[in-house]
Amino acid sequence: MTKPKRFLTSLLTAAFSCMFLLIPARVLTAQTAQIEQTQWSAVMAGETLCDPVVHGEYLYTLSSDQALNCIDYTGSFVWRRNIERTIKPFLTVSKSGILIIADASRMLQAVSGQGIYLWSVQLPEPALFAPYSTTDGRICILTKSNLYCFSIKGKLKWQLTLSAAPARQLCETGIASLLLTLTNKDFLTVSLTGQMLNTKTLKKEIAALSAAPGGYIMSTGDGILAYYRSAASEEKETSSRVQQRETDGFAVWQTQETAPLFMQTSGNELVCIYADGTVSARNITSNKITWTAKLNSRITLPLYYSKTDGEYYIACKGIAAIISGEGTVKREQKIITSAFLPVIMPNGILIAVDDWVINSWRLDTKIMQSTLQREAPPQYQILKTQEKTQTLPFFVPYGDTTALLTGIDEAITKGTIGTDEAAYALTLQTILTNNQRAAYFPYNFTVYERARAAELLGLLESLEYRTILLDEASKTSDPTLAVAIIRALGFIAADPDGRSIEAIQLLLQRCGVRALEPAYAACDALTEIAKYGDKQTAGSAVKALFSIAASAFPENIKQYARQKIKTIVE
């Protein structure tokens, strides 16, 4: 495996012209006559193969020379990573910045936001849609006859056989489940742990789907827009809501209106985008429209949409626009129709990719922040759902905690957890936290049992369980438990808000420089976090490793930290 190329070095003198070339805007005058002069333009070494993706200040493209390319918002080349040969690929970026490539040759590959090749998996069938990254970091792949779910480290968590081919991309709900429409009109609700929750036959064609608090929003082709909430939701219905019962919950409200092309929720706000150029925002709970904007051009699918600093970025093939938080159209610009979907960077740079050329224009005048805004960690949706279905008090079979943990360990190792994940996670949480529900058991769990439960919880590799580990890290100074929590945070790897690195440093401080095992575990965990993190996360992890290397730890610990830094930097 080759190492990712980092920044422009002495190699550019020979390779720059064939690999990546910045072109003066005047060279492209003929191409951009209908719009303003380009901010910057670039020619790549190979033709673009699929729609580009954006994460923070970086643009990622996949080209025909089998290279995954990273470019920043100024048009500067950041790195280039060779990957396995692809055929008709899809490119997706997870919320934590991991790049996932799936293609018609059945190959699934992952590359970090820093250009580190992470893993590859051969699928039994080719993917039909781009990989879907869930809120808690899982990677879901739809094929003609199966739905596969992988951890962020490429471990198959479960698969579900489908009765017919999927009709559209997955949609995640606000209650730790997935919605899936099949070509035979089946409408499936599947939990994030692979359990079939509900199946019903659609009577109407679905126009758009979106997650919503406690459920989802659905628009049908006949113009019905409805908000469905799970029957298990704790919120009570009010007399003003529609009391229409569904097999998988109830309709909070429904309304008759033109079917939108696209819907997206953010908190308690629903944004709808229509083919005639209308864009509206409404309160999900009350269905009251807060603003409506009208673009001068029609909008088509596929569509790029993002909400940045309270403003709405919209782009499709031929048009790009920015709408303010109050619903005013700040900028609408026609662009040359290209083969691939245009995207808008967080600082307002519009980018359109066409074959070999990447063009950019200044759509807004925002200043790019030096650091990405940290996103809040996901809530305990999977565990909350499991707690509602678990009516019996917690107990350890035959009073043997070791046997119970060994059974879970074997299931994780063999990859046979499947739909039992939520139950296992709740068991591990109870043991780790020494929860009062364990009062049915005649003694408290030992620190060794709690430590093993922490490691197993980390090995489930779900970002959701990280919060449990962080809570326990804030309470303990025991070296045995500290080592297990640090290792578990390394197994999960993702650290979207920086709290994992902070917890590791806190535990090292509490354990002191005489405790060697926490320091070794910290070096390993920080390396994994740097490997799977974006630029900001990786920088924080490397800084923490430098701190260990320069601390009062024994020389063998400091040397171990230096070795880890070297592997990351290279």
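Residues numbered from 1 in each chain as written. Predicted model: local features only at pLDDT ≥ 70, side-chain atom pairs only at ≥ 80, totals over all residues. Heavy atoms only, no water.

Caption draft 1: Structural view of the pattern of salt bridges. Evaluation of the coordinates by the stated rule reveals 22 salt bridges. One salt bridge connects Arg 138 with Glu 421, and the closest N-O pair in it is separated by 2.6 Å. Placement of Arg 138 in the loop between strand S11 (132-133) and strand S12 (139-142) and of Glu 421 in helix H4 (residues 421-433) is noted, with a sequence separation of 283 residues between them. On the basis of relative accessible area, Glu 421 is assigned to the buried category, the value being 2%. Among the salt bridges present, the one from Arg 282 reaches Glu 257, with a minimum N-O distance of 3.1 Å. Linking Arg 282 in strand S26 (residues 278-283) with Glu 257 in the loop between strand S23 (249-256) and strand S24 (262-266), this pair joins segments that are 25 residues apart in sequence. Assigned by exposure class, Arg 282 and Glu 257 land together as buried. A cluster of three or more residues bridged by salt bridges with shared partners is formed by Asp 136, Arg 138, Lys 157 and Glu 421. (Salt bridge = Lys/Arg side-chain N within 4 Å of Asp/Glu carboxyl O. Helix = DSSP H or I, 4+ residues; strand = E, 2+ residues; numbered from the N terminus. Buried < 20%, exposed > 50% of the residue type's maximum accessible area, 1.4 Å probe, protein only.)

Caption draft 2: Highlighting the packing of aromatic side chains. Scanning the model with the defined rule gives seven aromatic pairs in all. Grouping aromatic residues by their ring pairs yields a cluster made of Phe 187, Tyr 216 and Tyr 228. For Lys 200, the ring lying beneath its charged end belongs to Tyr 228, and the centroid distance is 5.7 Å. (Phe/Tyr/Trp six-rings, centres within 6.5 Å; stacked < 30°, edge-to-face > 60°. Lys NZ or Arg CZ within 6 Å of the ring centre and 35° of its normal.)

Caption draft 3: Structural view of the sheet that holds strand S27 (residues 289-294). Here four strands make up an open sheet; going across it, the order is S24-S25-S26-S27 and the pairing antiparallel. The sheet is open, and its two borders are formed by S24 and S27, each paired with just one other strand. Going from strand to strand, the sheet's axes swing by 15° on average, the running direction of each strand aside. Of the pairings in the sheet, the one linking S24 to strand S25 (residues 269-273) comprises five bridges and is antiparallel in character. Within S25, the position partnered with Thr 265 by the bridge is Leu 270. (Pairing = 2+ DSSP bridges. Axes fitted to C-alpha atoms, helices over the stretch in contact; angles between N-to-C directions.)

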